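# Understanding the architecture of this molecule
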Amino acid sequence: MNKLFKSAALVAASLMLTVNFSSCNKDPQDNTEEANKATKEAIVKQYLNHTVYPTYASLAEEADKLVENLEALKDNKTQANVNAATVTFIEARHWWEMSEAFLFGAASDFGIDPHIDSWPLDEDAFNNLMASPNMIAALANDEDGTVAGEQLGNALLGFHGIEYILFREGQPRNVNEITDDMMTYIVAVSRDLRNRCFQLEVSWNENAPQAHKDLMEELEFNTTVNSSDNTYGQNMLQAGQAGSTYATFTDALEAIADGCIDIADEVGTSKIGKCHTGEDVTYVESPYSQKSIKDFHDNITSIKNAYMGGMEGQRDESASLHTYLKDNNADLDAKALSAIENALTKIDNMRAPFVTFYADASAGEAMEACQDLSDVMAEVKAEFGKIDRK
């Protein structure tokens, strides 16, 4: 071996040792960071596949079925058809309320939440509508729901417009009280409701039914994040990548927690609190069907699903906010679990119907339990950032 070659070989060997030594020193940290990222990514995947996607799929399915039921009722006005429509309405309403822990994203960005779930119904505007032959004629020709969606306004649209026609005092309305013009109105409103529920499903899930995607294209509805090619689900799964609105997967977990904070606060402060405190005793959600308490329960269940790793029957706690927090702060996790169950219990113990007993002490207890839950979920969100800094 000549001297030049020998020197080169020694330098190369030295560099190899340096690289290997550095790699050995760096591996544990790299592995920890990658494992932590993989854990959070698994939580997001579970959340999307087993909470968000199936909830919106069920909502879209029931909203579509509601259109069919109401079209059948319009063609054949019988009490049996009224009753069938009320059953479907309640089921569609259930899935909507079960989605309210993730109103961030499409529901917020595209104004879908106020569009389909504003209350109370504006009865004066409704009476003016019924007295307008031109508007009734326009709604009668509203094959795709766009006339209703663009011209009626939020106070006449969505679930509560349909509820107003189908229910009285918690029971299916007598078919003889429903006029032909009322039927024209709710069929058009139901088509708009279906459109918006399809929009939610398609906006989140790239694997939504093709027929639902086709309708969105036909109606020229927005279904992607910031006019990109990404659905809201893809956007969350691409956290940390160029183009995603989430800089890290921790940001995605914090967004999930934010959704829980917001709906717990809304149920406590607004949905129950406005009536119970006397701030606005007309602010009763679902007063005609008298399903307010069920709405509240479903809202808190949506938090439970988001936190526990999926809907009942699809849950995997190993990939959940619950287990992630438990592994890092068991006391706070126990506090969160207790707050969720306490809110559900207090809501279940509310005196019914809420539209009559909103001033009852049981409503105040439920209000406080929901506010407490919102506060605890805010602690959970803050803890996610602390975990990354440990």
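The structure this text deals with has already been given above.
My aim in this report is to walk through the structure given alongside it, one point at a time. Given the structure is predicted, the values throughout are model-derived calculations rather than measurements.

Right, let's get into the overall build of the protein chain. Per the secondary structure count, the protein chain includes 17 helices and two strands. Projected onto the principal axes, the alpha-carbon positions of the protein chain cover approximately 105 × 50 × 35 Å. Considering only residue pairs separated by 6 or more positions, the protein chain has 73% of its internal contacts joining residues 24 or more positions apart. Counting only carbon and sulfur atoms, one obtains 47% of the accessible surface of the protein chain, whose full area is about 17,400 Å².

Under the defined criterion, the tally for this structure stands at 19 salt bridges. With a closest N to O distance of 3.4 Å, Lys294 and Asp298 form a salt bridge. Remark: Asp298 and Lys294 occur in helix α13 (residues 292-308); sequence separation between them is four residues, near one turn of the helix. Notably, a salt bridge pairs Glu379 with Lys335, separated by 2.8 Å at the nearest N-O pair. Taken as a pair, Glu379 in helix α17 (residues 361-389) and Lys335 in helix α15 (residues 330-348) lie far apart in primary sequence, 44 residues in all. On the basis of relative accessibility, which here comes to 34%, the residue Glu379 falls in the partly exposed class. Counted as one network, the salt bridges with shared partners bring together Arg93, Glu97, Glu100, Asp117, Lys271, Glu285 and Asp295.

Right, let's get into the environment of Phe296. Positionally, Phe296 belongs in helix α13. Judged by its relative accessible area of 0%, Phe296 is buried. For the pair Phe296 and Cys370, spaced 74 residues apart in sequence, the C-alpha to C-alpha distance is 9.6 Å. Apart from the residues lying within four places of it in its own chain, the contact partners of Phe296 are Val267, Lys271, Ile272, Glu285, Ile347, Met350 and Phe354.

On to the side chain of His115. Mapped onto the fold, His115 is located in helix α4 (residues 112-116). Sequence-distant contacts of His115, defined by excluding residues within four places in its chain, comprise Gly149, Asn154, Leu157, Gly158, Asp192 and Arg196.

Turning next to a negative patch on the surface. A grouping of Asp262, Asp265, Glu368, Asp372 and Asp375 is seen on the molecular surface, where their side chains present a negatively charged patch. Every element with two or more residues in the negative patch is listed here: α12 (249-276) and α17. Ranked by residue count, the leading element in the negative patch is α17, at three residues.

Our focus in this paragraph is empty space enclosed by the protein. The tally for this structure, following the rule as stated, stands at one cavity of 30 Å³ or more. Each pocket or cavity is described by its volume, and for the largest cavity that value is around 50 Å³. In terms of lining, the largest cavity is formed by Phe89, Ile90, Arg93, His94, Ser286, Ser289, Lys291, Lys294, Asp295 and Asp298. Counting residues per element, the ones that place at least two in the lining of the largest cavity are α2 (79-97) and α13. If one sorts the elements of the lining of the largest cavity by residue count, α2 sits on top with four residues.

Right, let's talk about unusual backbone geometry for a bit. Residue Pro120 is reached from Trp119 by a cis peptide bond, and omega for that bond is -5 degrees. Within the fold, Pro120 resides in the loop between α4 and α5 (123-130). Of note, the bond from Ala352 into Pro353 is cis; its omega dihedral lies within 30 degrees of zero at -5 degrees. Looking at where Pro353 falls in the secondary structure, it is placed in the loop between α15 and α16 (354-357). Positive phi, normally seen in glycine, also occurs at Asn226, with a value near 50 degrees. Mapped onto the fold, Asn226 is located in the loop between α10 (210-219) and α11 (232-237). Its identity as a non-glycine residue notwithstanding, Ser286 has a phi of 55 degrees, on the positive side. On the secondary structure map, Ser286 appears in the loop between α12 and α13. Classification of Ser286 as buried rests on a relative accessible area of 2%.

This paragraph deals with the nonpolar core. Residues Leu152 and Tyr185 are the most contacted members of the largest nonpolar core, which totals 109 residues. With 13 residues, the top contributor of residues to this core is α12. Of all hydrophobic cores here, the second largest spans eight residues; its members include Phe198, Val202, Leu215 and Leu219.

Conventions adopted
Residues numbered from 1 in each chain as written. Predicted model: local features only at pLDDT ≥ 70, side-chain atom pairs only at ≥ 80, totals over all residues. Heavy atoms only, no water. Helix = DSSP H or I, 4+ residues; strand = E, 2+ residues; numbered from the N terminus. Contact = heavy atoms within 4.5 Å. Areas by Shrake-Rupley, 256 points an atom, 1.4 Å probe, with all protein chains shown as cover. Salt bridge = Lys/Arg side-chain N within 4 Å of Asp/Glu carboxyl O. Buried < 20%, exposed > 50% of the residue type's maximum accessible area, 1.4 Å probe, protein only. Patch = residues over 30% accessible without salt bridge, like charges linked within 9 Å, V, L, I, M, F, W, Y side chains within 5 Å. Lys, Arg positive; Asp, Glu negative; His and termini not counted. Charge placed at Lys NZ, Arg CZ, Asp CG, Glu CD. 1 Å grid on protein atoms, 1.4 Å probe; cavity = no way out; pocket = protein on both sides within 12 Å on 5 of 7 lines; lining within 4 Å. Points joined across faces, edges and corners; volume = space filled by probe spheres on them. Core = buried A, V, L, I, M, F, W, Y, C linked by side-chain atoms within 4.5 Å.

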